[in-house]
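Descriptive structure summary
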Amino acid sequence: MDHDTNARRADALARLMVLDTPEEQAFNDIVFIAAQTCDVPVALISLLDTERQRFKARVGLDVTETPINQSVCQIDIDQPTVLEIADLTKDARTRDNPLVTGDRAYRYYAGAPLKLRSGEVVGRLCVIDTHARTEGLGEDQIMLLSALARQASDHLDLRRIARSSDRLAELQTALVQVGERIRDSAEVTTMTREASAIVGQVLAVTRAGFGLVDDDVTHVDVEPDWTAQGVASIAGRHRFDDYGAIRDHLMRGEPLVIPDVLTDERTRDAPAAMRALGIGALVNMPVRQKGRTVAVLIVNAAARRIWLPEELTFLRSVADRLEAGVARLRAEQQQDMLNGEISHRLKNMLSMVQAIASQTLRDVPDRAPVESFERRLVALSAAHDVLLQTSWADADLRVVADAVVEAVGFGDRLHMERPPVSLGSRPALSFSLVMHELMTNACKYGALCREGGHVDVDWSVETVSGEPQLVVHWRERGGPPVVAPTRRGFGSKLVRLGLVRTGGVELRYEPDGFEAELRASVQQFAQA
């Protein structure tokens, strides 16, 4: 038989996912009808793999497979008509076959091809007798045997479609799990190892890993990988050229798909390195950025394996997600380093401003304004620290408020209880100054200047004229009698500017304590 034809047949069988599967009634029924129709003791659905013939269904035979060299079904397998041998002992192709010369002593054979919709012939529906039949089957029997073979072929195709659908659902579920692991991982090593474990288990392979590729696609640095029990890890640096002619595909950004390292033209000349790692088949799925390969998802199997199209699509999706996840974590790490440097420089700058102010204003007899200025710098510094933790993206209102309270003190006498609200960077700085002024006033004149006094702060979102507004309530209780100020200082002006420097402030000097209500549109509050 032609080697390429056999390879295509083996690939088609692998895609059917039918070898080594349990009995199925539909196929059992076909061989039963074939045996009855042709009046023979043995009927088989024989599938021709590279080294064996496997019986998907059988009547009158107690084995599930035989070596391929004992197969009568393989003779002229690609011919479109029924193969009939009236006397196996007299045909040169079969007279020395152990099934003919041995205890089974088969004498007659007829087999109709199992041709898939894709065109490949993967085996035969055959009937066998222990007596020679010089006249062979009748015309009606030949027609019925051919019709049953077509039914068996259709069942194989339909079975493949059903199994592919189930497999797609299984791979889709695994892909969702990979996405969850990537999203929840805070370290590259954890991310790649957990994603690789899902890939390895759903594909039932021996090894799965992810590696970053150098600029000229010469080496790959494999992150800690997943391996099946007893299989060695390949984490570390590897040179592609040590494993065959596999580098060019990756440089071009093409998936490297090898069903068998011993026969594939890219690895068969020097398979020792692959075999030393227990690799019989592999997929290297490249990840591209700006026209070049930057990483590769690696999957290894111990034995020859046909990689299904849906599996390759799954690996492509996993590779893309892993690269995006790794890039995100590395960007966050770089941003953290940058934020740390910015924070260090900002603190130095604020300290310098504070020192300059102290030197410039040291002769001012009234120290209160100088101290107020310094405390406002501290409040700004606290807000900057919160924003740096989120890379100057959104900050949470409660977190900013806690930072200001911690800088001023009296946190045990201030109660806040409301859900998170997202702040843009500018509103966060503005809110920190307003919060600082309210805290300072409470310490000087309000509830926090007297033992037992306390402050309640809460916020909510209300709809006013169809527009959502954030409303912050400040209530002081247990302080000295409240008296409205007769003049407005800079701190009072800061408070009256409101949450986003556009007003929306109501101050109430109630007998039982000072109250403030600050409003701003949610849209303004969330803007950077």
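Described in the following lines is the structure provided in the data block. (Residues numbered from 1 in each chain as written. Predicted model: local features only at pLDDT ≥ 70, side-chain atom pairs only at ≥ 80, totals over all residues. Heavy atoms only, no water.)

On to the pattern of salt bridges. Tallied over the full model, the rule gives 31 salt bridges. We note a salt bridge from Arg183 to Asp184, for which the minimum N-O separation is 3.2 Å. On the basis of relative accessible area, Asp184 is assigned to the exposed category, the value being 55%. Of the charged contacts in the structure, one is a salt bridge between Glu517 and Arg519, with a shortest N-O distance of 3.1 Å. Residue classification places Arg519 among the partly exposed positions, given a relative accessible area of 25%. One connected set of salt bridges, linked through shared partners, spans Asp20, Asp49, Arg52, Arg54 and Glu65. (Salt bridge = Lys/Arg side-chain N within 4 Å of Asp/Glu carboxyl O. Buried < 20%, exposed > 50% of the residue type's maximum accessible area, 1.4 Å probe, protein only.)

Let's shift gears to the nonpolar core. With 34 residues, the main nonpolar core has Leu203, Phe314 and Leu315 as its most contacted residues. If you list the elements that add at least two residues to this core, you get helix H4 (139–184), helix H5 (188–203), strand E7 (207–213), strand E12 (281–289), strand E13 (292–301) and helix H8 (309–360). In terms of residue count, H5 provides more of this core than any other element does, eight residues in total. Beyond its immediate chain neighbours, meaning those up to four positions away, Leu203 contacts Arg167, Leu171, Val299, Arg305, Glu311, Phe314 and Leu315. Counting residues in hydrophobic clusters, the runner-up holds 31 residues, among them Leu16, Ile30, Ala57 and Val82. (Core = buried A, V, L, I, M, F, W, Y, C linked by side-chain atoms within 4.5 Å. Helix = DSSP H or I, 4+ residues; strand = E, 2+ residues; numbered from the N terminus. Contact = heavy atoms within 4.5 Å.)

The next subject is the pairing of E12. Across the nine residues of E12, seven count as buried, placing the element largely inside the fold. Of the pairings in the sheet, the one linking strand E11 (residues 256–258) to E12 comprises three bridges and is antiparallel in character. Residue pairing for E12: Leu256 is matched across the bridge by Asn284. Direction of pairing for E12 relative to E13: antiparallel, over a ladder of nine bridges. The residue of E13 that forms the bridge with Leu282 is Asn300. (Pairing = 2+ DSSP bridges.)

In this section: the packing of helix H2 (residues 25–38) against H4. Interaxial distance between H2 and H4 falls to 10 Å at its minimum, and their mutual angle equals 175°. With respect to H4, the axis of H2 lies roughly antiparallel. Residues Ala26, Phe27, Ile30, Ile33, Ala34, Thr37 and Cys38 of H2 lie in contact with H4, whose contacting residues are Gln141, Leu144, Leu145, Leu148, Gln151, Ala152, His155, Leu156 and Arg159. (Axes fitted to C-alpha atoms, helices over the stretch in contact; angles between N-to-C directions. Parallel < 35°, antiparallel > 145°, perpendicular 65-115°, else oblique.)

With that out of the way, let us pick up the environment of Asp458. Relative to the helices and strands, Asp458 resides in strand E17 (residues 454–464). Classification of Asp458 as buried rests on a relative accessible area of 16%. For the pair Asp458 and His415, spaced 43 residues apart in the sequence, the C-alpha separation amounts to 8.3 Å. Discounting residues that sit within four places of it in the chain, Asp458 has contacts with Glu417, Arg418, Val471, Val472, His473 and Arg475. Of the polar contacts made by the side chain of Asp458, one reaches the side chain of Arg475; its length is 2.8 Å. (Polar contact = N/O pair within 3.5 Å; in protein donor to acceptor, adjacent residues only side chain to side chain.)

For the rest of this paragraph, the subject is the sheet that holds strand E5 (residues 108–115). Strand pairing in a sheet relies on backbone hydrogen bonds, with the paired strands running either antiparallel or parallel. Spatially, six strands are ordered E3-E2-E1-E6-E5-E4 in an open sheet, and the strand pairing comes out antiparallel. Of all the strands in the sheet, just strand E3 (65–67) and strand E4 (83–85) have a single pairing partner and so form its edges. Between one strand and the next, the sheet's axes are offset by a mean angle of 25°, whatever the strand orientation. With three bridges joining them, strand E2 (residues 52–59) and E3 adopt antiparallel strand pairing. Within E3, the residue paired with Arg54 across the bridge is Glu65. Of the strands in this sheet, strand E1 (42–48), E2 and strand E6 (121–129) touch H2, which is tilted by about 75° from E2.

This next bit is on the side chain of Gln469. Among the secondary structure elements, Gln469 is positioned in strand E18 (residues 467–477). Among the residues examined, Gln469 registers a relative accessible area of 16% and is labelled buried. At 3.3 Å, the side chain of Gln469 forms a polar contact with the side chain of Arg519.

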